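Architecture and fold: a report
The chain contents come next:
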Amino acid sequence: MEFRLSLVLILVSLPAILAQDVGNTKKVGNVKVVVNGILAIARVDNNFICATIDWWNHEKCDYNQCPWGSASALNLNLSHPLLAKSIQAFNQLRIRIGGSLEDQLLYDVGNLKYPCHPFRKKSHGLFGFSRGCLPMSRWDELNQFFSKTRPIVTFSLNALSGRHHKSGGVWVGDWDSSNAYDFINYTVSKGYQIDSWEFGNELSGRGVGASVGAEQYGKDLIKLKHIINQLYNKSPTKPALVAPGGFYDQAWFAKLLQASGSGIVNVITQHMYNLGAGVDPKLVSRILNPGYLDLASGTFHDLEQMVKKNGPWASIWVGESGGAYNSGGRNVSDTFVNSFWYLDQLGMSAKYNTRVYCRQSLVGGNYGLLNRTSFVPNPDYYSALLWHQLMGQGVLAVNSNASADLRIYAHCARGRAGITVVLINFSNDTDFIVNVENILDFSLGAHERNISKESYFKRSLKKTVSWVGRKALDKPVYREEYHLTPKNRNLRSKTMVLNGAPLEITKDGNIPELEPAHVLANSPLTISPLSIKFVVLPYFDAHYACA
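All figures in this text were calculated on a predicted structure; none of them were measured in a lab.

1. Some details on the overall build of the chain
The number of helices and strands found in the chain is 14 helices and 25 strands. Put simply, the chain has 547 residues, and 56% of those count as buried. Of the roughly 23200 Å² of accessible surface on the chain, a fraction of 51% belongs to carbon and sulfur atoms.

2. Remarks on the sheet that holds strand β9 (residues 196-199)
Read around the closed barrel, 8 strands run β2-β3-β6-β9-β10-β11-β13-β15, paired in parallel fashion. Averaged over neighbouring strand pairs, the angle between their axes works out to 25 degrees when direction is ignored. In the sheet, strand β6 (residues 152-157) pairs with β9 via 4 bridges, with the strands oriented parallel. Bridge assignment links F155 to a residue of β9, and that residue is W197.

3. So, the state of the cysteines
Enumeration over the complete set of coordinates arrives at 4 disulfides. At a sulfur-sulfur separation of 1.9 Å, the disulfide partner of C61 is C66. Taking the sign of the torsion about the S-S bond as the criterion, the disulfide between C61 and C66, at about 100 degrees, is right-handed. Look at C61 and you get partly exposed, because its relative accessible area is 38%. On the accessibility criterion, C66 (37% relative accessible area) is partly exposed.

4. Examining helix α11 (residues 379-390)
In this model, α11 (12 residues) spans 17 Å end to end at C-alpha, consistent with the 16 Å of a helix rising 1.5 Å per residue. Extensive coverage of α11 is indicated by the burial of 11 of its 12 residues. For α11, the full list of buried residues reads P379, D380, Y381, Y382, S383, A384, L385, L386, W387, H388 and L390.

5. Re the packing of helix α6 (residues 250-260) against helix α9 (residues 295-310)
Relative orientation of the contacting elements α6 and α9 amounts to 25 degrees, with a least axis distance of 10 Å. Classified by the interaxial angle, the pair formed by α6 and α9 is roughly parallel. Considering the relative orientation of α6 and α9, their crossing is right-handed. Counted together, Q250, F253, A254, L257 and Q258 of α6 and L303, M306 and N310 of α9 form the full contact between these two elements. Grouping the amino acids of the contact of α6 with α9 by side-chain chemistry returns 5 nonpolar, 3 polar and no charged.

6. Digging into the packing of aromatic side chains
Counted under the stated rule, the structure contains 27 aromatic pairs. Geometrically, the ring pair formed by Y381 and Y382 is edge-to-face, given 5.4 Å between the ring centres and 85 degrees between the ring planes. Its relative accessible area of 1% is what places Y381 among the buried residues. Feature note: the residues W55, Y107, W139, F155, F183, Y192 and W197 constitute an aromatic cluster, connected by ring pairs. The ring of Y114 has R131 lying over it, and the distance from NZ or CZ to the ring centre is 4.0 Å. Lying over the aromatic face of Y342, R359 brings its terminal NZ or CZ to 4.7 Å of the ring centre.

7. Some details on the nonpolar core
By size, the foremost hydrophobic cluster in this structure holds 129 residues, and its most contacted members are W139 and F155. Counting residues in hydrophobic clusters, the runner-up holds 21 residues, among them V35, L406, L423 and L537.

8. A look at the layout of surface pockets
Here the second largest pocket defines a volume of roughly 580 Å³. Around the second largest pocket, the lining is made up of 28 residues, and of these Q104, L106, Y114, R131 and N158 lie nearest the centre. With 3 residues, helix α4 (residues 178-189) is the single largest residue contributor to the lining of the second largest pocket. The residue inventory of the lining of the second largest pocket, partitioned by class, reads 8 nonpolar, 12 polar and 8 charged.

9. Quick notes on empty space enclosed by the protein
Vacant regions in the atomic arrangement are exposed by a probe of water-molecule size rolled over the atoms. Inspection of every chain in the model, using the stated rule, returns 1 cavity of 30 Å³ or more. Estimated volume of the largest cavity: approximately 50 Å³. Lining the largest cavity, in full, are L105, L106, Y107, N158, S161, W175, D176, N179 and A180. Where the lining of the largest cavity is concerned, the elements lending two or more residues are β4 (105-108) and α4. Broken down by element, the lining of the largest cavity gets its largest block of residues, 3 residues, from β4. The residue makeup of the lining of the largest cavity, split by class, is 5 nonpolar, 3 polar and 1 charged.

10. Considerations on the pairing of strand β10 (residues 240-247)
Burial within β10 is extensive, with 6 of its 8 residues counted as buried. Pairing between β9 and β10: 3 bridges, direction parallel. Paired with W197 across the bridge in β10 is L241. Between β9 and its parallel partner β10, the chain crosses via helix α5 (residues 214-231), and the hand of that crossover is right-handed. Once you follow β10 into α6 and on to strand β11 (residues 267-271), the crossover reads as right-handed.

11. Here's the deal with the confidence of the model for the chain
Across the chain, the average pLDDT comes to 92, with 90% of residues at 70 or higher. Counted against residues more than four places away or in other chains, residues 443-473, with its pLDDT under 50, gives 36 contacts.

12. Thoughts on the environment of P476
Here P476 lies in the loop between α13 (456-464) and β20 (478-486). Residues P476 and V519 lie 43 residues apart in sequence; the distance between their C-alpha atoms is 9.8 Å.

13. Overview of the side chain of S100
Mapped onto the elements, S100 comes out in the loop between β3 (94-97) and β4. Discounting residues that sit within four places of it in the chain, S100 has contacts with D54, W56, F127, N201 and E202.

The rules behind the values
- Every chain's residues receive numbers from 1 upward, in the order its sequence appears when written.
- Whole-chain, interface and lining totals are the exception, using all residues; otherwise, since this is a predicted model, local features are given only for residues with pLDDT of at least 70 and side-chain atom pairs are given and counted only at 80 or more.
- The basis for every side-chain value is the complete set of non-hydrogen atoms in the structure, without hydrogens or water.
- Helix numbering and strand numbering both begin at the N terminus, where a helix is a DSSP run of H or I of at least 4 residues and a strand a DSSP run of E of at least 2.
- When a residue's accessible area, from a 1.4 Å probe over protein chains only, is under 20% of the maximum for its type it is buried; when over 50% it is exposed; and in between it is partly exposed.
- Accessible areas in this description were obtained via Shrake-Rupley with a 1.4 Å probe; residue shielding takes into account the shown protein chains only.
- We call two strands paired when DSSP finds no fewer than two bridges between them.
- Axes, fitted as lines to C-alpha atoms, cover a helix only where it is in contact. Angles between the N-to-C directions of the axes lie from 0 to 180 degrees.
- Note on terminology: pairs of cysteine sulfur atoms within 2.5 Å are recorded as disulfides.
- Multiplying one less than the number of residues by 1.5 Å gives the expected span of a helix.
- Between 65 and 115 degrees an angle is taken as roughly perpendicular, under 35 as roughly parallel, over 145 as roughly antiparallel, and anywhere else as oblique.
- Each crossing is labelled by how the near helix is turned from the far one, with a counterclockwise turn of less than a right angle marking it left-handed and a clockwise turn marking it right-handed.
- The contact rule is simple, with two residues in contact once any of their heavy atoms fall within 4.5 Å.
- We call Asp, Glu, Lys and Arg charged. Ala, Val, Leu, Ile, Met, Phe, Trp, Tyr, Cys and Pro are nonpolar, and the rest, Gly among them, are polar.
- Note on ring pairs: Phe, Tyr and Trp rings are taken, using the six-membered ring of Trp, and paired if centres are within 6.5 Å. Classes follow the plane angle, with under 30 degrees stacked, over 60 edge-to-face and the rest tilted.
- We call a charge positioned above a ring when the Lys NZ or Arg CZ atom is no farther than 6 Å from the ring centre and deviates by at most 35 degrees from the ring normal.
- What is meant by a nonpolar core is a set of buried Ala, Val, Leu, Ile, Met, Phe, Trp, Tyr and Cys residues, joined one to another through side-chain atoms within 4.5 Å.
- Of the grid points, spaced at 1 Å and generated over the protein atoms alone, those admitting a 1.4 Å probe that cannot get out make up cavities, while open sets with protein on both sides within 12 Å along at least five of seven lines make up pockets; any residue with an atom within 4 Å of a point is treated as lining.
- Grid points are joined across faces, edges and corners, and a volume is the space filled by probe spheres set on the points.
- The handedness rule is simple: strands pointing away from the viewer, and a clockwise path from the first strand over the helix to the second, make the crossover right-handed.
- Per-residue confidence from the predictor is given as pLDDT, running between 0 and 100.

Written as structure tokens, this is what we have:
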């Protein structure tokens, strides 16, 4: 009893002690966080984390810089061991192959109507490029690589084939499916595993470079669905149909679902680049401004509601998002500071039933998860890997008295009991002391009565079991912490530090293990300024939400 009383006195006085230690240079904020372990508010796919492989080549330049090199799906160095290891570390990373040039891409199979040439600069071409072509020999190489690294693959098809340019950016006419049919048929004949076929890139609404009307788009989706059903008629499972891979336009998206009809589109994909242009000098300040980042929540909410109303059979993905458009921000998108935006987007989108989030890109541009030449991971790679390893499918409601500078997201722990909490501290001068509590520890009133007609025993049990548990006080109980900071406290460092140790490729050329710090469960949970922390609470009772 004396020990417990002493522990309580220490914990009560800790904020004052910390405040004395840091003097006037730092502030200390006490935060109470209540996590609802009864009901999940949303769910994500088991492979929520996704990365893209684009078609851009070395001639893709923005702001007098050309950051793509040999990162195209047509010439990416598939034999580099670090590329394979970086994918394999996820034990099934979801990969989307697509991008702006896909709607000018031909497939060198069947009765191809045009010569098979690589993409080349063309002054009057869409996006300044000519048509390009995917040789089947390269498609074979990609699939050999996939068979070794085992990603879950989405391939985005050319949706402008057969159409003609009318005026402005508008394209009209029926989709010519012949080349896509031959390509899908070849893929099926080879036994290549494609999880989903996507139709078009950024042709929705006003489009980016080109647009197609929603009714025409819906009509063409019905045609593509028929092709998929026909060519996979002997397969035990059929790939999903994904569309439209564009920026959200409420009226256009709603009309697309109405025109295509029930069950045609399996996944609705939107693209999001909410930070502005990659050259914008305000890029870092936007990343570190939670009020600015909040603006994206309206889009996630509106899309979720639109799908519920017009296409409840479809799930929602972010099919492409790189933060800053036009290849991302140089020495920003590939540095530690970008993880404040990235992890906030992952947490925010998941709350609105976004099942998959595809990051632009795996390799290429300034926003690649990997360096485009060495394939050494940039900081966001490790943020993605930690999310994948620690965050489960159930998304939990979080209520707190935290200031806007502290973001808090909670999911069911991945593959085990308990929950994982992500803390993102946007403040440059405040240490937060965070007390995580379970809603089961409180009187739930009417909310509890509406859950179900559970037995008195079950309801009593829920109220008496918290994440540390009554019995946990009799033996040491630990939580896991993964504290992320930049090397040398430089927010624009390209090296992420985990629990004080820089994350670097091992001497034998492998991705480093992401090891936690094991911390006594009853010790204070803190988050330092301008840092990020994943916290696994294995004894948090979220059985009902996570079952």
